[in-house]
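Okay, here's what each chain looks like letter by letter:
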Amino acid sequence: MATKAKKRAADKDVSLTEDQVVHDLDASTVLDVDDDETFFQDIDLLQNHGINVADIKKLKSVGICTIKGVIMCTKKKLCNVKGLSEVKVDKIKEACQKLDSSGFLTALQFADKRKQVFRITTGSHEFDKLLGGGLESMAITEAFGEFRTGKTQLSHTLCVTTQIPGQNGYSGGKVIFIDTENTFRPDRLKDIADRFSLNQSAVLDNVLYARAYTSEHQYELLDLVAAKCHEESGVYKLLIVDSVMALFRVDFSGRGELSERQQKLAQMLSRLQKMSEEYNMAVFVTNQMTSDPGATMSFQADPKKPIGGNIMAHASTTRISLRKGRGELRIAKIYDSPDLPESEATFAISNGGICDAKE
């Protein structure tokens, strides 16, 4: 089993020092490597239930690569796939229900399933403590704030820390970065890699980068993300979108297009949430701020709010508010979370990325 795990670690080319790799394989964490292989059921299993290869390829072409992925799609969306009739969709759905009959679970069974959740360090112990141990998988974590509050710096730091083995058997993995504002800088990753004594070239090789130019392009890239996660099972641990709303602000303007914008945004966020559960990934998105014209009337302390409205608020599992402190100090606050208390943490931005504030 250890030999198999070593081979997987080599295949992933995760940029660890030799000592870290040995430590990772000697620990009981090797069990988690095999868990990733069986985390989802491949859509090719449908061949055993009378679904032909051509129809399976059509599903894969739109980023539906797992049994759970089919179950997560509505019949209407599947019928929109070129070459799939309503009869074929019914047959596919029926086959998927036989393969994955998961309906209701007891809270105890669900708690057992939640043991597969892992956390990724932010690079700051205080920030990690605020997040209950780090960035959570199978969830969307949103960080919003004004410019220069550390959103992009946090994104760059996570590109590196995701590759380092962590607590509770987390074995490290690769990152997918979707850039909408042209703020991604590979040289920044080199500085952060140096801080953690990692090989610069290997760190960069483990980050898959894409530049999105329109909101439609941003959504289409998610098909490629799904294909990559399926192709390299259990290897990709984090998906970053920096920033999630920038292109929607450009492509949709005025109140007349607001409802269409929110509908498209909801579809994209729903896709992100489903993919995080389907492939057991952490999803990190950054968001911008806007002035709230009604704040002055209600005497609010902060007249700015994150954009995206209720759609964004409901889609994000955990929302973090970032604001400037003195110098390079920044303050993170839990804005909304299903299980974390509303509290704050102070961190700093250094040459090596996000780190603890020096008192």
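Residues numbered from 1 in each chain as written. Predicted model: local features only at pLDDT ≥ 70, side-chain atom pairs only at ≥ 80, totals over all residues. Heavy atoms only, no water.

An unreviewed UniProt entry lists the chain under the name Meiotic recombination protein DMC1/LIM15 homolog, from Folsomia candida. What the UniProt record of the chain gives under Function (unreviewed entry) is the line "Participates in meiotic recombination, specifically in homologous strand assimilation, which is required for the resolution of meiotic double-strand breaks." Note on the chain: under the UniProt heading Subcellular location (unreviewed entry), the record states "Nucleus". (UniProt positions renumbered as here; feature names shortened; annotations may be inferred.)

> What is the right way to look at helix H10 (residues 151-161) in this model?
Of all the 11 residues making up H10, 10 are buried; the element is thus mostly covered by neighbouring parts of the structure. For H10, the set of buried residues is Lys151, Thr152, Leu154, Ser155, His156, Thr157, Leu158, Cys159, Val160 and Thr161. (Buried < 20%, exposed > 50% of the residue type's maximum accessible area, 1.4 Å probe, protein only. Helix = DSSP H or I, 4+ residues; strand = E, 2+ residues; numbered from the N terminus.)

> Got a minute to help me understand unusual backbone geometry in this structure?
Negative phi values dominate among residues other than glycine, just as trans dominates among peptide bonds. In this chain, aspartate 242 is followed by serine 243 through a cis amide linkage whose omega measures -5°. You can see serine 243 is positioned in the loop between strand E6 (236-242) and helix H14 (246-251). Even without a glycine there, the phi angle at asparagine 168 is positive, about 55°. Here asparagine 168 falls in the exposed class, since its relative accessible area comes to 80%.

> What am I meant to see in the pattern of salt bridges here?
Here the idea is simple: oppositely charged side chains can pair when their charged atoms come close. One pass over the full model with this rule turns up 17 salt bridges. A salt bridge links aspartate 112 to lysine 115; the nearest nitrogen and oxygen atoms lie 3.3 Å apart. A relative accessible area of 47% places aspartate 112 in the partly exposed class. Here glutamate 136 and arginine 119 are joined by a salt bridge, their closest N and O atoms 3.3 Å apart. With a gap of 17 residues between them, glutamate 136 in strand E2 (residues 135-136) and arginine 119 in strand E1 (residues 119-120) connect regions that are remote in the sequence. Owing to a relative accessible area of 9%, glutamate 136 belongs among the buried residues under this scheme. Take arginine 119: its relative accessible area is 26%, and that puts it in the partly exposed class. Salt bridges sharing partners connect three or more residues here, namely Lys174, Lys228, Glu231 and Glu232. (Salt bridge = Lys/Arg side-chain N within 4 Å of Asp/Glu carboxyl O.)

> Quick question: what am I supposed to make of the packing of H10 against helix H11 (residues 186-195) here?
A packed helix pair is summarised by two numbers, namely the angle formed by the two axes and the spacing between the axes. Two numbers describe how H10 lies on H11: the axes approach to 9 Å, and their chain directions differ by 60°. The pairing of H10 with H11 is recorded here as oblique in orientation. Of the two possible hands of crossing, H10 and H11 adopt the one that is right-handed. Touching Gln153, His156, Thr157, Cys159 and Val160 of H10 are Arg188, Leu189, Ile192 and Ala193, all from H11. (Axes fitted to C-alpha atoms, helices over the stretch in contact; angles between N-to-C directions. Parallel < 35°, antiparallel > 145°, perpendicular 65-115°, else oblique. Left-handed = near helix turned anticlockwise from the far one by under 90°. Contact = heavy atoms within 4.5 Å.)

> How should I be thinking about the sheet that holds strand E12 (residues 344-350) in this particular structure?
Consider a sheet: its strands pair through backbone hydrogen bonds, and that pairing is either parallel or antiparallel. A sheet is described by the order of its strands in space; here nine strands give the open sequence E5-E4-E6-E7-E3-E10-E11-E12-E13, paired in mixed fashion. Edge strands, defined here as strands with exactly one partner in the open sheet, are strand E5 (207-211) and strand E13 (353-356). When the angles between neighbouring strand axes are averaged without regard to direction, this sheet yields 25°. As defined by bridge partners, strand E3 (residues 139-144) adjoins strand E10 (residues 318-324) across four bridges and the pair is classed as parallel. Bridge pairing links threonine 141 to threonine 318 in E10. (Pairing = 2+ DSSP bridges.)

> Quick question: what am I supposed to make of the environment of lysine 174 here?
Within the secondary structure, lysine 174 is located in strand E4 (residues 174-179). Among the polar contacts listed, one links the side chain of lysine 174 to the side chain of glutamate 232, at a separation of 3.4 Å. (Polar contact = N/O pair within 3.5 Å; in protein donor to acceptor, adjacent residues only side chain to side chain.)

> Explain the side chain of asparagine 280 here, please?
By the element assignment, asparagine 280 lies in the loop between helix H15 (258-278) and strand E7 (282-287). Polar contacts involving the side chain of asparagine 280 include one to the main-chain carbonyl oxygen of glutamine 116, which spans 3.1 Å.

> What should I look at first to understand the packing of aromatic side chains in this one?
Each aromatic ring pair is characterised by the separation of its centres together with the angle its planes make. Within this structure, the stated rule accounts for seven aromatic pairs. Ring geometry for phenylalanine 118 against tyrosine 170: centres 5.0 Å apart, planes inclined by 20°, an arrangement best described as stacked. Placement of phenylalanine 118 in the loop between helix H8 (107-113) and E1 and of tyrosine 170 in the loop between H10 and E4 is noted, with a sequence separation of 52 residues between them. Given the relative accessible area of 9%, phenylalanine 118 is considered buried. On the accessibility criterion, tyrosine 170 (4% relative accessible area) is buried. A centroid spacing of 6.4 Å and a plane angle of 35° characterise the contact between phenylalanine 177 and tyrosine 209, whose relative ring orientation is tilted. (Phe/Tyr/Trp six-rings, centres within 6.5 Å; stacked < 30°, edge-to-face > 60°.)

> Just checking my understanding: could you explain the nonpolar core for this structure?
Note that soluble globular proteins tend to have their nonpolar side chains buried in a common cluster. Counting 35 residues, the largest nonpolar core has Ile120, Phe127, Leu158, Cys159, Leu238, Ile240 and Phe284 as the members making the most contacts within it. In terms of residues, this core owes the most to one element, H10, which gives four residues. Leave out the neighbours within four places in its chain, and phenylalanine 127 touches Thr122, Leu154, Ile320, Leu322, Ala332, Ala345, Phe347 and Ile354. Of all hydrophobic cores here, the second largest spans 31 residues; its members include Leu222, Val241, Met275 and Met312. (Core = buried A, V, L, I, M, F, W, Y, C linked by side-chain atoms within 4.5 Å.)

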